[in-house]
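Below, each chain spelled out in residue letters.
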Amino acid sequence: MSIKGKAYLAGIYEHPTRHAPDKSTAQLHAECARGALIDAGLTKDDIDGYICAGDAPGGVMAMVDYMGLKVRHLDSTETGGCSYIIALGHAAEAINAGKASIVLVTLAGKPRTGAMPPRAVGPEVDFEAAYQATTHNIYGMCALRHMHDFGTTSEQLAWVKVAASHHAQYNPHAMLKDVVTVEDVINSPMISDPLHRLDCCVVSDGGGAIIVTSEEIARSLKRPLVRMIGHGEAIKGPRGGRDLDLTYSAGVWSGPAAFAEAGVKPSDMKYASIYDSFTITVIMQLEDIGFCEKGQGGKFVADGNLISGVGKLPWNTDGGGLCNNHPVNRGGMTKILEAVRQLRGEAHPKVQVPNCDLAVVHGTGGLLGVRHAASTAILERV
């Protein structure tokens with residue numbers, strides 16, 4: 001059963017902080033929830049569904065109790081960076097099934113001023129821990145393989161960061177507001193060959209929230225109408241080394257599924273929110289969900305093609321994870337928020353896409369070079 005058009009994003013909120021030594025993670029969740037409720041014109045007593053991921057302290061039961069919610073539908077699916085894009089799809093499923101009518105989804109974290117939550121311990125640890133893999137060197141391997149197979153260059157990777165910085169200069173809350181050049185990126189310190197420091201995302205405290213409702217309720221709220229018309233989710237892993245291809249992600253399945261459900265094509269999109277944990281992440285995902293052929297992502301992003309008002313695909317106009325914020329490794333939430341702003345016409349005037357009526361939100365979660373999930377959502381202004 002399709003969930004096309006069944007879920008409306010009635011409220012959004014992005015926490016303005018990037019440095020919160022005086023707040024708890026639970027407090028950030030609650031403040032984000034309050035902001036989204038105000039934006040939607042609702043109260044917490046209206047909420048009958050709640051979704052969070054692994055960043056919620058104590059999990060879904062603790063957060064429902066902490067925020068004083070009374071709900072009849074719960075979800076706590078955890079897939080790292082794309083958790084909240086998957087949450088959007090699961091909220092739509094719950095609304096479509098009659099399990100909830102107003103779903104609150106919250107994200108918050110304090111990786112900048114607090115301890116990072118421990119990674120889930122999976123069955124692979126006994127076999128892989130000896131190799132001391134880190135997030136940076138696993139993504140570095142993806143970048144090196146892409147360069148080897150397709151001729152992608154460090155300069156092409158750098159254009160992703162350059163685009164993010166051009167947008168972040170207009171965001172008063174962005175961590176990094178300075179516009180950078182390709183030379184700035186490739187001259188920054190090497191972190192994990194070929195990824196330089198400026199190829200990597202920021203580490204920030206913060207959070208965000210969305211309110212997902214049925215059409216009937218959304219229309220009653222007198223807010224700009226934005227709905228989801230397509231959604232996909234998928235998982236990819238190395239399967240014990242039998243499927244270890246570092247050049248593509250699970251987006252090759254989640255992207256086509258979302259576009260097919262929506263009945264639109266990548267070329268129809270006016271705006272793209274693509275998770276940017278690293279510059280290589282963006283290039284691979286653009287290829288995987290159909291914006292260009294595999295191996296052509298470097299050429300696609302070069303020469304400012306992701307810069308709003310300049311390039312052919314306006315992308316991450318809030319500055320993204322590379323410049324704006326990246327709370328607790330779950331950047332999918334902030335990608336949803338900026339897409340909704342674009343569709344409402346509420347992005348900064350310097351980066352607002354004219355007549356923005358279709359947007360794609362996509363991200364991966366986990367580790368791109370090994371096991372990870374991907375999720376894609378197509379949003380439409382009504």
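Our subject is the structure that appears above.
Everything numeric here is computed off the predicted structure, so don't read it as measured data. (Residues numbered from 1 in each chain as written. Predicted model: local features only at pLDDT ≥ 70, side-chain atom pairs only at ≥ 80, totals over all residues. Heavy atoms only, no water.)

**Digging into the pattern of salt bridges**
Any two side chains of opposite charge can pair, given that their charged atoms come close.
Then comes step 1: Here the structure, examined in full by the defined rule, presents 19 salt bridges.
Then comes step 2: For Lys 265, the salt bridge is made with Asp 268, and the minimal N-O distance between the two is 3.6 Å.
Then comes step 3: Classification of Lys 265 as partly exposed rests on a relative accessible area of 46%.
Then comes step 4: Asp 268 sits in the partly exposed class, given a relative accessible area of 26%.
Then comes step 5: Note that Lys 270 and Asp 357 form a salt bridge whose closest N and O atoms lie 3.0 Å from each other. Of this pair, Lys 270 sits in the loop between helix H9 (251-262) and strand E9 (271-274) while Asp 357 sits in the loop between helix H13 (332-344) and strand E10 (358-366); the two residues are 87 residues apart in sequence, bridging distant segments of the chain. (Salt bridge = Lys/Arg side-chain N within 4 Å of Asp/Glu carboxyl O. Buried < 20%, exposed > 50% of the residue type's maximum accessible area, 1.4 Å probe, protein only. Helix = DSSP H or I, 4+ residues; strand = E, 2+ residues; numbered from the N terminus.)

**A few points about unusual backbone geometry**
Then comes step 1: Look at the link from Asp 193 to Pro 194: it is a cis peptide, with omega at 10°.
Then comes step 2: For Pro 194, the position within the fold is in the loop between strand E5 (190-192) and strand E6 (195-196).
Then comes step 3: Phi is positive for Lys 222, close to 60°, though the residue is something other than glycine.
Then comes step 4: Take Lys 222: it is sitting in the loop between helix H8 (215-220) and strand E8 (226-236).
Then comes step 5: The backbone of Asn 355 shows a phi angle near 50°, a positive value even though the residue is not glycine.

**Describing helix H2 (residues 59-66)**
Then comes step 1: Along H2, the residues classified as buried are Val 60, Met 63 and Val 64. One face of H2 carries all of its buried residues, which in axial projection span an arc of 100°. Pointing more than 90 degrees away from the buried face of H2 are the exposed residues Met 61 and Asp 65.
Then comes step 2: Those residues of H2 that are buried lie in contact with helix H1 (25-40), strand E2 (49-51) and strand E3 (73-75).
Then comes step 3: Positive phi shows up at Gly 68, right after H2, with a value of about 70°. (Arc of directions from axis to C-beta. Contact = heavy atoms within 4.5 Å.)

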